[in-house]
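Okay, here's what each chain looks like letter by letter:
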Protein chains: 2
Amino acid sequence: MALVVIGGVAAGLSAAARARRVDPRLEIVVLEKGPVISYGACGLPYFVEGRIREASQLVVYTPEYFRKERNIDVRTGARVVAISHPRREVTLESGARVAYDRLVIATGARCDIAGIPGGTQPHVFALHTVDDAERMRAFLRERRPRHAVVVGGGYIGVEAADALRRNGVGVTLLERSRRLLLRDDDRFTAAVRKQLEKHGVEVRCEAAAQAIEAGQVGDVRCDMVVVSAGLHPNVELAAEAGVETGRSGAIHTDDRMETNLRGVYAAGDCAEVTHLVTGRPTYIPLGTTANKCGRVAGANAAGGRERFPGIVGTSIVGIFGMGFATTGLSVEQARAEGFSPVAARIEAYARPRYFQGSKTTVELVADRHSRRLLGGSVIGEEGAAGRINVIATALGSRMQVDEFEQLDLAYAPPFSTVWDPLLIAAQQLMKEM
Amino acid sequence: MALVVIGGVAAGLSAAARARRVDPRLEIVVLEKGPVISYGACGLPYFVEGRIREASQLVVYTPEYFRKERNIDVRTGARVVAISHPRREVTLESGARVAYDRLVIATGARCDIAGIPGGTQPHVFALHTVDDAERMRAFLRERRPRHAVVVGGGYIGVEAADALRRNGVGVTLLERSRRLLLRDDDRFTAAVRKQLEKHGVEVRCEAAAQAIEAGQVGDVRCDMVVVSAGLHPNVELAAEAGVETGRSGAIHTDDRMETNLRGVYAAGDCAEVTHLVTGRPTYIPLGTTANKCGRVAGANAAGGRERFPGIVGTSIVGIFGMGFATTGLSVEQARAEGFSPVAARIEAYARPRYFQGSKTTVELVADRHSRRLLGGSVIGEEGAAGRINVIATALGSRMQVDEFEQLDLAYAPPFSTVWDPLLIAAQQLMKEM
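Residues numbered from 1 in each chain as written. Chains lettered and ligands numbered in written order. Predicted model: local features only at pLDDT ≥ 70, side-chain atom pairs only at ≥ 80, totals over all residues. Heavy atoms only, no water.

S.K.: It is not clear to me how the overall build of chain A should be interpreted in this structure. Could you clarify?
M.R.: For chain A, the count of helices and strands is 12 helices and 24 strands. Its C-alpha atoms give chain A a radius of gyration of 23 Å, near enough to 22 Å, the size a compact globule of 433 residues would have. For chain A, the spread of C-alpha atoms along the principal axes amounts to about 65 × 55 × 40 Å. Here chain A, with 433 residues, has 61% of them falling under the buried criterion. Contacts spanning at least 24 positions in sequence make up 64% of the contacts within chain A whose residues lie at least 6 apart. Counting every atom, chain A has about 17,200 Å² of accessible surface; 45% of that belongs to carbon and sulfur. (Helix = DSSP H or I, 4+ residues; strand = E, 2+ residues; numbered from the N terminus. Rg over C-alpha atoms; globule rule 2.2 N^0.38 Å. Buried < 20%, exposed > 50% of the residue type's maximum accessible area, 1.4 Å probe, protein only. Contact = heavy atoms within 4.5 Å. Areas by Shrake-Rupley, 256 points an atom, 1.4 Å probe, with all protein chains shown as cover.)

Here it is as structure tokens:
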């Protein structure tokens, strides 16, 4: 039995490693088109910032490690150009063919930087691979740009803006839609905008970058451009082989991460997953989900029987020291999904003032009819991750606001207030129901 | 209609405030035996430490506030000495009588310091009231003790040890049982002991304080003693009036916080509550629970219909900058309750090393048969509260380890690792099941 995995970053390597645990005898080949594997893509902005000194710190495992310690054949610079499922083989750019019994597709996603006129100029960067980040870091050091335009107000765009400001570069952030951090939530977007502006980032929403010229984007003069907009799942290879994509445009799988082709699995930024709040497929590409889905795909490809129930869409991003976290649905998203959302938003101290506690903002959203929690957001300098994770856990178990209000959360003065901001928000929400 | 509340700290005032919201016309009287109300008892060790400068910072509300803003008659120095339920009245120490239609008993708990021979000497302190803390602070300032014995290794004892060490006082901690922080868990106790010892506290378990002499306790020479052992619920007043206590010795109520006497409610450190993991009544007196139960008691006493489902026993304590948090049952406790516990304990980075992340320890306990999570602990310098709260939320919804392993937790490098330590622990636990 041979397993071939296309892609050697988060989902692909999770799949390979897990398959090895399930079947110690399986032949496993990982084909990665790039020069390095197993890098922490989420760390790239911090390498640009300079907090991570060496690109090597971003790389968790080497092909040698996988070969020696896991008996997994990991090949870099191995771009797959075709999948022939009838023949159970993939073809590499070099013309070489690799046969498989089971296949895991973990081809990731891309920002289509070349799709923007002027996108191939040397002062234009994506921030997707270690190579991108190294080029950007070198550019910052050698060319000392004065002003950058960041195209895209998603996670990477905002993190890039933060990293550039910390390097003394002026930043204008352009976001095509009216929302930031992919959250259809006016108040959350306003808070993100406020934090960015407070630290000198000019934010323009509903502003698309039509073309990138030598010294400007639209009317913004700049000597550097970062493109992190328009993330697309890499599905072409799979689609040509007959793998079905879903409404989101990403590869559709069942809850075992198997595609419509028997023995072919997909995971990571190229695949959609079930949203546990809506029950419908969604495309929210994140490293956490890629790793979990990869594990399940790898286990099943090796003969296991595991399932991935889905996600609730939890994410967090740090912007100049403040955590902005969301999970589930915003009011606007909940309404669009056919719920009757009710929301409460409160501001409260995250810890007592005598412990230098700072204020945190919590919003909770519930459905008026079922009383089920649908989502929430947390903004704060401390405890934002822990608090959003509590909401995420409640969403994962379809908790009602009535139960949430009575959660037995930890309290001691160094850590929280006796009424945790989450519970204050729940009490407020109960009044609104 | 008149509501009388006995006790003006956490549970009592939560009850009174909530009753006022439910019924704006209710006559509400709060009778507090001490000189101040509404103080944050959990902040007392931090006042002793000196972090909180003024005792007034510990007091959240004054009687004047309640009178003016809430139309609640709060009387201090009003010790109730008898309850006559047939006559629906309470008798004060002064001989005055106060009639009630509904009664909330929130009489709290006490360390029976006078029960230890020598416990009434001026160098012996409890740490239960603002007055206790002020006396202790004055003693530290004026007498500059060199060595203290802390009797009791529960939360307050450990926090007192921390506060004293930070004031340059040598500390020996005596704990009657073999466990610290009330957790029947050898490894957790060992970790607490290690942290205390690392910061110069001598820890002796299975060491009872038989008597307190002028210059020593047992063979430990000392010039100061803090007694925080043997917490007892104040049930005598209620019991004499015919209120039933449970197996724990604290007042038993239904899930509306009503006692066996109709119209008489109890909440806070004098009452037991249901443990949601075991389904049985338990006595775990904490400020968080007191506030929640007080609210429910007050709402129902005012004619509302609310219920308090129970607790999962979540707590956290900071010891020299490290968080020690537990929830649900330890392996030992789970076995004693008739479960077949399986546990996994892991150590992992709470955040990436390039963000100066430190290591955190997570233990998860599940039942082998039902696969339900039963409890857990988290030890770490960062994120311990957030992580224990995730486990507590999972316990509150009777989550199985299989679901827990797939939780959609937030990740970004400033906040966590891509596999949160909670998920690593869950993966380990899945292997052990």
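S.K.: Explain the pattern of salt bridges here, please?
M.R.: If the charged atoms of two oppositely charged side chains come close together, the side chains can form a pair. Residue and element names in this part refer to chain A. Evaluated as defined, the whole model comprises 44 salt bridges over all chains. Close ionic contact of glutamate 202 with arginine 204 constitutes a salt bridge, the shortest N to O distance being 3.0 Å. Residue class for arginine 204 comes out partly exposed when judged on its relative accessible area of 27%. Here glutamate 258 ties to arginine 256 by a salt bridge, and the two come within 3.6 Å at their closest N and O atoms. Accessibility classification places glutamate 258 together with arginine 256 in one group, the buried group. Linked by salt bridges that have partners in common, Arg87, Glu89 and Arg97 make up one network. (Salt bridge = Lys/Arg side-chain N within 4 Å of Asp/Glu carboxyl O.)

S.K.: Looking at this model, I keep getting lost on the packing of aromatic side chains. Mind explaining?
M.R.: What describes a pair of aromatic rings is the distance from one ring centre to the other and the angle between the planes of the rings. In the structure shown here, the tally under the stated rule is 14 aromatic pairs over all chains. For the pair Phe355(A) and Tyr46(B), a centre-to-centre distance of 5.0 Å together with 75° between the ring planes defines the contact as edge-to-face. Pair noted here: Phe355(A) is in the loop between strand E22 (341-349) and strand E23 (359-367) and Tyr46(B) is in helix H2 (residues 44-49), and the two residues belong to different chains. For Phe355(A), a relative accessible area of 7% translates into the label buried. Note on Phe125(B) and Phe139(B): the rings are 5.1 Å apart at their centroids and 65° apart in plane angle, and the pair reads as edge-to-face. A residue pair is termed long-range when its members are at least 10 positions apart, and Phe125(B) in strand E9 (residues 124-125) and Phe139(B) in helix H4 (residues 130-143) qualify at 14 residues. Phe139(B) carries the same exposure label as Phe125(B), and that label is buried. An aromatic cluster of at least three residues, connected via ring pairs, comprises Tyr46(A), Tyr354(B) and Phe355(B). (Phe/Tyr/Trp six-rings, centres within 6.5 Å; stacked < 30°, edge-to-face > 60°.)

S.K.: Explain the nonpolar core here, please?
M.R.: Proteins that are soluble and globular tend to have nonpolar side chains buried together. Counting 82 residues, the largest nonpolar core has Leu364(A), Phe404(A), Leu364(B) and Phe404(B) as its most contacted members. Each residue touching Leu364(A), except ones within four places of it in the same chain, is listed here: Val342(A), Ala343(A), Ala344(A), Leu373(A), Gly375(A), Gly376(A), Ile391(A), Phe404(A), Leu422(A), Ala425(A), Ala426(A) and Leu429(A). (Core = buried A, V, L, I, M, F, W, Y, C linked by side-chain atoms within 4.5 Å.)

S.K.: So what exactly am I meant to see when it comes to the environment of Glu213(A) here?
M.R.: All names here are of chain A. Relative to the helices and strands, glutamate 213 resides in the loop between strand E12 (201-205) and strand E13 (216-217). The partly exposed category is assigned to glutamate 213, whose relative accessible area is 43%. Distance in space between the C-alpha atoms of glutamate 213 and glycine 118 is 6.1 Å, their sequence separation being 95 residues. With sequence-adjacent residues up to four places away left out, glutamate 213 is seen in contact with Gln121 and His123.

S.K.: Explanation requested: the interface of chain A and chain B in the structure shown.
M.R.: Many analyses report the size of an interface as the accessible area lost when the parts associate. Listed by partner, the interface residues are 57 residues for chain A and 57 residues for chain B. Taking both partners together, chain A and chain B bury about 4,800 Å²; carbon and sulfur atoms supply 64% of that area. Sorting the residues of chain A by area buried against chain B places Tyr354(A), Gln406(A) and Asp408(A) first, and these three jointly supply 15% of that buried surface. The interface formed by chain A and chain B includes two salt bridges. Its salt-bridge partner being Glu405(A), residue Arg295(B) comes within 3.2 Å of it at the nearest N-O pair. In terms of residues, the side of chain A that touches chain B owes the most to one element, helix H10 (residues 384-396) of chain A, which gives eight residues. (Buried area = accessible area lost by both parts, 1.4 Å probe.)

S.K.: Would you explain the packing of helix H1 (residues 10-22) of chain A against helix H8 (residues 287-301) of chain A in this entry?
M.R.: To describe two helices that pack against each other, one gives the angle between their axes and the distance between the axes. Residue and element names in this part refer to chain A. Their axes nearest at 7 Å, the elements H1 and H8 cross at an angle of 35°. The interaxial crossing formed by H1 with H8 has right-handed handedness. Residues Ala10, Ala11, Ser14, Ala15, Arg18, Ala19 and Val22 of H1 touch H8, and the partners they reach there are Ala290, Asn291, Gly294, Arg295, Gly298 and Ala299. (Axes fitted to C-alpha atoms, helices over the stretch in contact; angles between N-to-C directions. Left-handed = near helix turned anticlockwise from the far one by under 90°.)

S.K.: Looking at this model, I keep getting lost on the relation of the copies chain A and chain B. Mind explaining?
M.R.: What relates the two chain copies is a rotation about an axis together with a slide along it. Here chain A sits on chain B after a turn of 180° about the axis and a move of 0.0 Å along it, with an RMSD of 0.0 Å. The two molecules are tied by a two-fold rotation axis, judged by turn and shift. Scanning chain A for the C-alpha nearest the rotation axis identifies Gly386(A), at a separation of 1.8 Å. (Least-squares fit on C-alpha atoms with pLDDT ≥ 70 in both.)

S.K.: Just to check I follow, could you spell out the confidence of the model for chain A for this structure?
M.R.: A low pLDDT means the predicted coordinates there should not be read in detail. Chain-level pLDDT for chain A is 96 on average; 100% of the residues reach the 70-or-more range. Note on the complex model: pTM 0.96, ipTM 0.96. (pLDDT = per-residue confidence, 0-100.)

S.K.: Help me understand the sheet that holds strand E21 (residues 322-328) of chain B, please; the structure alone is not making it clear to me.
M.R.: Two orientations exist for strands paired in a sheet by backbone hydrogen bonds: parallel and antiparallel. Residues and elements named next belong to chain B. A sheet is described by the order of its strands in space; here five strands give the open sequence E20-E21-E24-E23-E22, paired in antiparallel fashion. Bordering the open sheet on either side are strand E20 (315-319) and strand E22 (341-349), each of which pairs with just one other strand. Averaged over all pairs of adjacent strands, the angle between strand axes in this sheet comes to 10°, irrespective of strand direction. Pairing of strand E23 (residues 359-367) with strand E24 (residues 373-380) involves seven bridges; the strand directions are antiparallel. Its bridge partner being in E24, leucine 364 is matched across the sheet by glycine 376. Most of the contacts of helix H6 (residues 186-198) go to E21, to which it runs at about 160°, and overall it touches E20, E21, E22, E23 and E24. (Pairing = 2+ DSSP bridges.)

S.K.: Just checking my understanding: could you explain empty space enclosed by the protein for this structure?
M.R.: Over the atoms rolls a probe the size of a water molecule, and its path tells where empty space is left. In this structure the tally under the stated criterion is four cavities of 30 Å³ or more. Looking at the largest cavity, its volume works out to about 70 Å³. What lines the largest cavity is simply Gly268(B), Asp269(B), Ala271(B), Val273(B), Tyr283(B), Ile284(B), Pro285(B), Leu286(B), Thr289(B), Ala290(B) and Cys293(B). Counting residues per element, the lining of the largest cavity draws most heavily on helix H8 (residues 287-301) of chain B, which supplies three residues. In terms of residue class, the lining of the largest cavity is made up of eight nonpolar, two polar and one charged. For the second largest cavity, the calculated volume is near 50 Å³. Lining the second largest cavity, in full, are Gly268(A), Asp269(A), Ala271(A), Val273(A), Tyr283(A), Ile284(A), Pro285(A), Leu286(A), Thr289(A) and Ala290(A). In terms of residue class, the lining of the second largest cavity is built from seven nonpolar, two polar and one charged. (1 Å grid on protein atoms, 1.4 Å probe; cavity = no way out; pocket = protein on both sides within 12 Å on 5 of 7 lines; lining within 4 Å. Points joined across faces, edges and corners; volume = space filled by probe spheres on them. Nonpolar A, V, L, I, M, F, W, Y, C, P; charged D, E, K, R; others polar.)

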